[in-house]
2 protein chains.
Amino acid sequence: MYKLICKDGNAKRGEFTTVHGKIQTPVFMNVGTAAAIKGAVSTMDLQEIGTQVELSNTYHLHVRPGDEVVKKLGGLHKFMVWDKPILTDSGGFQVFSLAGLRKIKEEGVYFNSHIDGKKIFMGPEESMRIQSNLASTIAMAFDECPPHPATREYMEDSVARTTRWLLRCKNEMNRLNTLEDTINKHQMLFGINQGGTYTDIRVEHAKRISELDLDGYALGGLAVGESHSEMYRIIEETVPYLPEAKPTYLMGVGTPANILEAVERGVDFFDCVYPARNGRHGHAYTNHGKMNLLNAKYELDDRPIEEGCGCPVCKNYSRGYIRHLLKAKEMLGLRFLVTHNLYFYNKMMEEIREAIENQNFASYKKKKLEGFAAEQGN
Amino acid sequence: MYKLICKDGNAKRGEFTTVHGKIQTPVFMNVGTAAAIKGAVSTMDLQEIGTQVELSNTYHLHVRPGDEVVKKLGGLHKFMVWDKPILTDSGGFQVFSLAGLRKIKEEGVYFNSHIDGKKIFMGPEESMRIQSNLASTIAMAFDECPPHPATREYMEDSVARTTRWLLRCKNEMNRLNTLEDTINKHQMLFGINQGGTYTDIRVEHAKRISELDLDGYALGGLAVGESHSEMYRIIEETVPYLPEAKPTYLMGVGTPANILEAVERGVDFFDCVYPARNGRHGHAYTNHGKMNLLNAKYELDDRPIEEGCGCPVCKNYSRGYIRHLLKAKEMLGLRFLVTHNLYFYNKMMEEIREAIENQNFASYKKKKLEGFAAEQGN
């Protein structure tokens, strides 16, 4: 399903064929946690800003509206009206970051819903069943996202269990994909590499899960508190042990600079909430660094957020107007920033793909990073 | 500028030519108080839902971002990127409903900003200057919106002052429209009829202001607490004393039923915040009455809000999805409801215009009201 079109150094330019269409990689997946992009951005809007993959959350959709509801309404694609690929994460990360008191057992995790405190059990089979109900294009394996920092002993036990869980995920998905009432019988499974900052554990785990011939492999448990340079080192030391002929997904990462560094180290799938989170703080991404639109200097500025930007916001609205919307707490201001920021990420991925094809990724990356670091001259 | 195309009973079908294009009446103006429609609806969206006139607020824009800022950015049309007519209300109503402690003097009103408590003075000349800076298509005269109920004596004094203020508004606008740096030198002025529920005061006032040959006339101070039947009676008794050959604007009204009743009595301009306010409460307008999308019965409903509705939301998204968005407090849910509700109003006005042209307004109105009153069978 994954075709490696070309490489430039370790950077991979791939094409991933799914039942919902082809994904050109490197790709940035646009996060719509609860089957909706933050900032009132609709799936119709996503079609206009170059979005290839939408990402939703298993845990959130399980607690609301319920995966059975989504299934009865025809699956996530029909529910949110999106015909391109959707990746669902497994709920593992949210169980460990959002949910109340939890108990990890061999069978899975017992925890309380963050909505109403209700007791929930989720194990590998439950996560697969939920994701099968959601009928996403790509399901993520149910893993433990270990705390950072964790002792070596804790990490070894955790990763061993995550491996056992992965086998159960694979078996359950195989079973689900054969059931008559399964909406997407071609659902794919990505495994998740863990091991924290212990490179040897990560490498052993990577080797072990690579044997399972899954549809893709993710690096999990990064960007959870370690430094950027440590994260880059771990990526660099682990990716060589994941199959080159499969997509490599760095979960939850990151800034535009993080993405450039990770692409250089062979990663080709990304997702991150920064475009929306920065929008909430009035921040817009540009090729000359982040802008804070709340800054008084934009009050009378009739230029777009970034001159030359092809996003629907920059093609129409001025910094002065957007600043006013943010100051007046009009929802439209957030919608504009999220739209621009997602477009910025999607567009950067397009440039990255082109740079790899043209075998000039290194110089592209250098120039891009210099731009980000430049004094915001706007 | 106003051409009375035809009448059906007292219902007027008109065409109002402005420097920003023609307005087909009866018309419902879409409210964007602070130069933005609530619910993250953009002016690009308005172009798709049949909006003819956008309405913004003099008081709100004076306090934020400041009318001088809007002027420097080229006026409201350029600021919010809207090429069709814009009506600005005068700030009078907001000064009397929103602002803190106020003192009414012959020269105008002293009051405190509801944003930061800052002392502000606004009189007829100030309101005209602000609206000239905003460069709206139609400016409203600065009036006193008297409390309801008010004594006869209070009302007589208030209306007399409103008349004196209107003359000052007219003189000031004439002056402003000749200034070289005025953005819209063709800005038009609508006078506002007041008098509360005292019909004789309203009629005398209507006669008096009709002599001024303004571009249009509004009924103000209605829908402020009196009953619907009392409001209809006042409209019925006052409208005959306003020029038929000018637009007649019922300010801040109202429900779809209110609009049908007022059209029948000769009104042809409307505005109201209900489409957005109802959206905030999960309510959608349909031809079978209002729906509460939060209702559990819509959880698995894959139909659009209203079958056959041509709005961008109904063409794509289901009740089940919208209910989920509202439950999950996703901003997208509000955007969808406001979009649908504005479309519903705009579409109803289109039907009203057609019914008047076809001389079957009475039967159209009857059928429409029966539909609204019907048990919500959805």
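Residues numbered from 1 in each chain as written. Chains lettered and ligands numbered in written order. Predicted model: local features only at pLDDT ≥ 70, side-chain atom pairs only at ≥ 80, totals over all residues. Heavy atoms only, no water.

**Considerations on the relation of the copies chain A and chain B**
Laying chain A over chain B is done by rotating through 180° and shifting 0.0 Å along the axis; what remains is an RMSD of 0.0 Å. Within this description, the copies of the chain are treated as partners about a two-fold rotation axis. Closest to the rotation axis within chain A is the C-alpha of A40(A), separated from it by 3.3 Å. (Least-squares fit on C-alpha atoms with pLDDT ≥ 70 in both.)

**Points about the environment of G50(A)**
Residue and element names in this part refer to chain A. Note that G50 resides in the loop between α1 (43-48) and β5 (54-57). Overall, G50 belongs to the partly exposed group, its relative accessible area being 47%. Placed 299 residues apart in sequence, G50 and M349 show a C-alpha to C-alpha distance of 9.8 Å. (Helix = DSSP H or I, 4+ residues; strand = E, 2+ residues; numbered from the N terminus. Buried < 20%, exposed > 50% of the residue type's maximum accessible area, 1.4 Å probe, protein only.)

**Some details on the packing of aromatic side chains**
Tallying each qualifying case throughout the model produces 34 aromatic pairs over all chains. For the pair F344(B) and Y345(B), a centre-to-centre distance of 6.5 Å together with 75° between the ring planes defines the contact as edge-to-face. The ring of W165(A) is capped by R161(A), whose NZ or CZ atom sits 5.8 Å from the centre of that ring. (Phe/Tyr/Trp six-rings, centres within 6.5 Å; stacked < 30°, edge-to-face > 60°. Lys NZ or Arg CZ within 6 Å of the ring centre and 35° of its normal.)

**What about the interface of chain A and chain B?**
Taken together, the contact pairs 40 residues of chain A with 40 residues of chain B. Between chain A and chain B, a total of about 3300 Å² is buried, with carbon and sulfur atoms accounting for 62% of that surface. One can count six salt bridges joining chain A with chain B. Taking the shortest distance from any N to any O, the salt bridge between E330(B) and K38(A) comes out at 2.7 Å. Counting every contact that joins chain A to chain B gives 16 residue pairs in polar contact (both at pLDDT 80 or more). For the side of chain A that touches chain B, the secondary-structure elements that each account for two or more residues are α1, α3 (67-72), α4 (76-80), α12 (319-327) and α13 (331-357) of chain A. (Contact = heavy atoms within 4.5 Å. Buried area = accessible area lost by both parts, 1.4 Å probe. Salt bridge = Lys/Arg side-chain N within 4 Å of Asp/Glu carboxyl O. Polar contact = N/O pair within 3.5 Å; in protein donor to acceptor, adjacent residues only side chain to side chain.)

**Quick word on the nonpolar core**
In terms of nonpolar packing, the biggest core is built from 186 residues, with I235(A), Y321(A), I352(A), I235(B), Y321(B) and I352(B) touching the most fellow members. The residues contacting Y321(B), other than those within four sequence positions of it, are A35(A), A36(A), F79(A), M80(A), L332(B) and F336(B). (Core = buried A, V, L, I, M, F, W, Y, C linked by side-chain atoms within 4.5 Å.)

**Looking at the domain arrangement of chain A**
All names here are of chain A. Here the domain parsing of chain A yields domain 1 (2-272) and domain 2 (279-373). Taken over C-alpha atoms, the centre of domain 1 sits 27 Å from the centre of domain 2. Contacts between domain 1 and domain 2 engage 34 residues on the former and 28 residues on the latter. Summing the contributions of domain 1 and of domain 2, the shared interface buries around 2500 Å²; its carbon and sulfur component is 69%. A salt bridge links E264 to K365; the shortest N-O distance between them is 2.5 Å. Taken together, the elements giving at least two residues each to the side of domain 1 that touches domain 2 come down to β1 (2-8), β2 (11-18), β3 (21-25), β4 (27-31), α1 and α10 (256-264). It is α10 that contributes the most residues to the side of domain 1 that touches domain 2, seven residues altogether. The residue inventory of the side of domain 1 that touches domain 2, partitioned by class, reads 16 nonpolar, nine polar and nine charged. (Domains from an automatic or database assignment. Nonpolar A, V, L, I, M, F, W, Y, C, P; charged D, E, K, R; others polar.)

**Looking at the packing of helix α7 (residues 152-176) of chain A against helix α8 (residues 199-210) of chain A**
All names here are of chain A. One can describe the packing of α7 onto α8 by two numbers: an axis separation of 11 Å at closest approach and a directional angle of 10°. What the angle tells us is that α7 and α8 run roughly parallel. Taking contact as the criterion, the partners of R152, M155, E156, V159, T162, T163, L166 and L167 in α7 are, on α8, D200, I201, H205, R208 and I209. (Axes fitted to C-alpha atoms, helices over the stretch in contact; angles between N-to-C directions. Parallel < 35°, antiparallel > 145°, perpendicular 65-115°, else oblique.)

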